[in-house]
Amino acid sequence: MNATASMLGNQDVHKSQLSLAVKFWGVRGSIPIPGAATSAYGGNTVCVEVLADQQRFIFDGGTGLRALGETLCQIPGPVEGHLFFTHTQWDRIQGVPFFWPAFEPGNQFHIYGGTATNGASIKQCLSTQMLQPGFSVPLQTMQASLAFHNILPGDTIRLGDVTIEPIGLSGGRNALGYCLRHGNKSVVYATDTNHEQMNENLLFLAHQADLLIYDGTYVDMCHQITSQSSTPPWQTAIELAQAAQVKQLVLVHYGPRQTDETLDALADKLQKIAPTVSLVREGMVIELP
């Protein structure tokens, strides 16, 4: 592998002096599934943190965002970060009401997202899930400075020496993917894709990426009905990574019925087909020096 993947346990990625580090705080889709059957890979829904240019970038706010928030609360002084949402289905936003740093005055967060299928902005979507009777306190209770940014595929977002480019992935959900570039390194985050065909825009954006984070494993009750006759999502992931000459491919976004045993079996299968491909685990850190 061109990057080093490691389980850091209690070590703090926020103290890293690396030029770029990626940490997985949540790896699931649909709903969190804690318990003995999922303890090895993790049960929190998707949340990925990237540290680059002394800035913090967070992709998706599943329940893993709560654990990230607890760690950020231990950092002395104000906390600043940029949150990018792929879309606003529940598993990508359900950690936001429990993100404690957003309730602390003095902290600052920039929040980015596209327009939902019903025309709602990212601010409207995050606000709606915290309204009664679904939640006890509204978004306005958060005392940190929150700046909302509506973005579109094809935009270029420049934040210091970091550039982030959103790309359209799934028309049915208006889902976005992202490419983060810092110096000569790039990380592509694409976790809501159409596995039946290769996305040409994603193929272009991921060209020679150092790391591609892809949803190549997800299986839910609906997909299981047709999974025998359709293309396995991991196969599309491997084909795209090879065509784009990606240096490292990792798969994430596990379904609620995919236990550690199921994922171990898939990992063994992938090792025989594409030895450089790996399944991420909650808490894993990938370093790009």
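Residues numbered from 1 in each chain as written. Predicted model: local features only at pLDDT ≥ 70, side-chain atom pairs only at ≥ 80, totals over all residues. Heavy atoms only, no water.

Further remarks concern the pairing of strand β10 (residues 175-182). Looking along a regular strand, one sees the side chains alternate between the two faces of the sheet. For β10, a buried count of seven out of eight residues is recorded, marking the element as mostly surrounded by other parts of the structure. Note: strand β9 (residues 162-170) against β10, eight bridges, orientation antiparallel. Bridging from a neighbouring strand, V162 pairs with H182 of β10. Note: β10 against strand β11 (residues 185-190), five bridges, orientation antiparallel. Counterpart to H182 in the pairing with β11 is K185. (Buried < 20%, exposed > 50% of the residue type's maximum accessible area, 1.4 Å probe, protein only. Helix = DSSP H or I, 4+ residues; strand = E, 2+ residues; numbered from the N terminus. Pairing = 2+ DSSP bridges.)

For the structure shown, the criterion picks out six salt bridges. A salt bridge links D264 to R281; the shortest N-O distance between them is 3.7 Å. Separated by 17 residues along the polypeptide, D264 in helix α7 (residues 260-273) and R281 in the loop between β14 (278-279) and β15 (284-288) bring together distant segments of the chain. Each of D60, D91 and R92 takes part in salt bridges that share partners, so that together they form one network. (Salt bridge = Lys/Arg side-chain N within 4 Å of Asp/Glu carboxyl O.)

Here we take up helix α6 (residues 233-243). P233, W234, T236, A237, I238, L240 and A241 are the residues of α6 that are buried. Next to the buried residues of α6 lie α4 (200-205), β12 (211-214), β13 (249-251) and α7. Positive phi appears at Q245, one or two residues downstream of α6, with a value of about 60°. (Contact = heavy atoms within 4.5 Å.)

Adjacent strands of a sheet form backbone hydrogen bonds with each other and so pair up, either parallel or antiparallel. The mixed open sheet is built from seven strands, whose spatial order is β8-β9-β10-β11-β12-β13-β14. With partners counted over all chains shown, the strands left at the sheet margins are β8 (157-159) and β14, one partner each. Sheet topology note: the β8/β9 ladder contains three bridges and is antiparallel. Bridge assignment links L159 to a residue of β9, and that residue is V162.

A word on the nonpolar core. For soluble globular proteins, the rule of thumb is that nonpolar side chains tend to be buried together. Residues V22, F24, F57, F59 and I213 are the most contacted members of the largest nonpolar core, which totals 59 residues. The leading source of residues in this core is α6, at five residues. The contact partners of V22, leaving out residues within four places of it in the chain, are V48, E49, V50, V187, L211, I213, M284, V285 and I286. With 23 residues, the next largest nonpolar core counts C47, I111, I122 and L126 among its residues. (Core = buried A, V, L, I, M, F, W, Y, C linked by side-chain atoms within 4.5 Å.)

A few words now on the packing of aromatic side chains. This structure, assessed with the given rule, holds nine aromatic pairs. Aromatic side chains F59 and F84 sit 5.6 Å apart centroid to centroid with 25° between the ring planes, which places their arrangement in the stacked category. Remark: F84 occurs in strand β5 (residues 80-84) and F59 occurs in strand β4 (residues 55-59); sequence separation between them is 25 residues. For the pair F59 and F84, one class covers both residues: buried. Both rings, one in F59 and one in Y189, keep their centres 5.4 Å apart while their planes meet at 35°; by these two values the pair is tilted. Within this pair, whereas F59 is found in strand β4, its partner Y189 is found in strand β11, the two being separated by 130 residues in sequence. (Phe/Tyr/Trp six-rings, centres within 6.5 Å; stacked < 30°, edge-to-face > 60°.)

Moving on to the side chain of T86. As for its placement among the helices and strands, T86 is situated in the loop between β5 and α2 (90-93). Residue class for T86 comes out buried when judged on its relative accessible area of 1%. Side-chain polar atoms of T86 contact the side chain of H87, separated by 3.0 Å. Contacts of T86, omitting those with residues within four sequence positions, involve D60, R92, N174, A175, L176, Y178, Y189 and T191. (Polar contact = N/O pair within 3.5 Å; in protein donor to acceptor, adjacent residues only side chain to side chain.)

The subject of this paragraph is α7. Over its 14 residues, α7 extends 20 Å from the first C-alpha to the last, a length consistent with the 20 Å expected when each residue adds 1.5 Å. Listed in full, the buried residues belonging to α7 are D260, L263, L266 and L270. Seen from one end, α7 has its buried residues packed into an arc of 120°, which puts them on one side. Residues of α7 that are exposed and point over 90 degrees away from its buried face: E261 and K272. Those residues of α7 that are buried lie in contact with α6, β13 and β14. (Expected span 1.5 Å × (residues − 1). Arc of directions from axis to C-beta.)

Do not read the fine detail of predicted coordinates wherever pLDDT is low. On average, residues of the protein chain score 89 in pLDDT, and 89% of them are at 70 or above. Ignoring residues within four places in sequence, the model shows residues 1-11, a span with pLDDT below 50, making 25 contacts including any to other chains. (pLDDT = per-residue confidence, 0-100.)

The next point concerns unusual backbone geometry. Following Q132, the chain continues to P133 via a peptide bond in cis, the omega torsion being 5°. Mapped onto the elements, P133 comes out in the loop between α3 (122-128) and β7 (145-150). Although it is not a glycine, H253 adopts a positive phi angle of roughly 75°. Among the residues examined, H253 registers a relative accessible area of 6% and is labelled buried.

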